[in-house]
Amino acid sequence: MKNMKKFVVAATLIIAAAGLVAVLAGCKGKKAATNLVGVVMPTRSEERWIKDGNAVKEGLEKLGYTVELQFSDDDIPTQTRQIDDLITRGVKVLVIASIDGSALGQQLENAAAAKIPVIAYDRLLMQSPNVDYYVTFNNYIVGQQMGNILVKGLSLDAPKKKPVIIELFAGSPDDNNATVFYNGAMDTLKPYLDNGTLQVPSGQTAFTSVATLRWDAAEAQKRMENLLSRYYSGNVVLDGILSPYDPISLSTLEACKAVGYGSGNKPLPVVGGQDCVVASVKSILASEQYATILKDTRSLGAATVEMVDKILKGQTISGLDTTQYNNGAKVIPSLLLDIVVVTKDNVQKEVVDTGYHTRAELGIN
Ligand code: BGC
């Protein structure tokens, strides 16, 4: 009997302890959920999105949030699945850099139904009222600067004996940024095209004919090769390329090198770019790519972290632009950050001294 009592007491204690463990585990799960922020980036195969993802994750974790960071391999079904999964897991805010800005309508509706605020990160989420904020750079100015890089690099304001020859490239047609960049660049270049200072031998100037699906550098390289063999067979020499993105700058330069540019009487064309990727900064230092645009992912990450924190604390977010970004359903309040044009002259000051890339990464002493 005594033994039986002992057994019952021990069993009760074990059950109680197990219960306590379960309750604690439950609390722990709950605690994570109340703090959980979902961050979805388009791909891990581009340098900038890895930096972006890490900047947001680290910043939020420093403030005590739990972060689920996912990369979508540039695959739309993967991205929709990841977002649906994060909604099911009860994230409190979603930060999304889309692949195709118009492909997430259903997911955004699901987020709204679950009362999850959504921040469009760098790329605007289109055709949906269920987007709360947009954090990005001033993309129209980015485009203008892409144009200005050619104005300066090709000295278009100096008197010319013959037209300056260029070809044009734009980014992915399903990314709203690509159109904004192109419009900014073309508004800057238009006076020079109109007065004949600039000429485009292929005649390909419409966004649809110069766009590059998924910003694919190999696709752009192929298009450059075709343009060179079709329109540059005689003694027409390409002087410049409008490029929206560093890997496209590098791949189109490769296409030019393959047909003799960069030696003899055919200097490499002047080409800008965007994102300040390591390979492009190295190319700038080697006097090949002419310039790039630095969009400091650390600042974008920090601005996003602050926004998430304010949303979750119910605080007001100030400094928003409420005119520029209509996503087709409504104007999205946007935080627009500044950019910096980087040429060989200011790599040290803007890239190295700010710690964006180290001298070791750039292969300099
Ligand atoms: C970003 C650019 C980036 C491009 C390709 C755009 O949406 O704004 O910074 O170069 O996507 O990833």
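Up top is the structure.
The structure presented is a predicted model; accordingly, all values stated were derived computationally and were not measured.

Draft legend 1. Region of the structure containing the overall build of the protein. Check the secondary structure of the protein and you find 13 helices and twelve strands. C-alpha atoms of the protein, sized along the principal axes, occupy 110 × 50 × 35 Å. Out of the 365 residues in the protein, the part that is buried amounts to 49%. Contacts spanning at least 24 positions in sequence make up 72% of the contacts within the protein whose residues lie at least 6 apart. A total accessible area of about 16,800 Å² is found for the protein, and carbon and sulfur atoms account for 55% of it. A gap of 8 Å separates the mean positions of the 36 positive and 38 negative side-chain charges of the protein.

Draft legend 2. Molecular detail of helix H9 (residues 246–258). Over its 13 residues, H9 extends 18 Å from the first C-alpha to the last, a length consistent with the 18 Å expected when each residue adds 1.5 Å. Here H9 has its buried residues at Asp246, Ile248, Ser249, Ser251, Thr252, Leu253, Ala255 and Cys256. Buried residues belonging to H9 abut helix H8 (217–231), strand E8 (240–242), strand E9 (270–271), helix H10 (278–285) and strand E10 (291–294). Positive backbone phi, at 100°, marks Gly260, one or two positions downstream of H9.

Draft legend 3. Quick peek at the sheet that holds strand E3 (residues 93–96). Taken in spatial order, the six strands make up an open sheet running E2-E1-E3-E4-E5-E11, and their pairing is parallel. Edge positions in the sheet fall to strand E2 (66–71) and strand E11 (334–337), since each of these pairs with one other strand and no more. The sheet shows a mean angle of 15° between the axes of neighbouring strands, taken without regard to direction. Together, strand E1 (36–41), E2, strand E4 (118–121) and strand E5 (133–137) form the strand contacts of helix H2 (residues 47–62), whose direction differs from that of E2 by roughly 170°. The sheet contacts of helix H3 (residues 76–88) involve E1, E2 and E3, and relative to E1 the element is tilted by about 175°.

Quick notes on the rules
Residues numbered from 1 in each chain as written. Predicted model: local features only at pLDDT ≥ 70, side-chain atom pairs only at ≥ 80, totals over all residues. Heavy atoms only, no water. Helix = DSSP H or I, 4+ residues; strand = E, 2+ residues; numbered from the N terminus. Buried < 20%, exposed > 50% of the residue type's maximum accessible area, 1.4 Å probe, protein only. Contact = heavy atoms within 4.5 Å. Areas by Shrake-Rupley, 256 points an atom, 1.4 Å probe, with all protein chains shown as cover. Lys, Arg positive; Asp, Glu negative; His and termini not counted. Charge placed at Lys NZ, Arg CZ, Asp CG, Glu CD. Expected span 1.5 Å × (residues − 1). Pairing = 2+ DSSP bridges. Axes fitted to C-alpha atoms, helices over the stretch in contact; angles between N-to-C directions.

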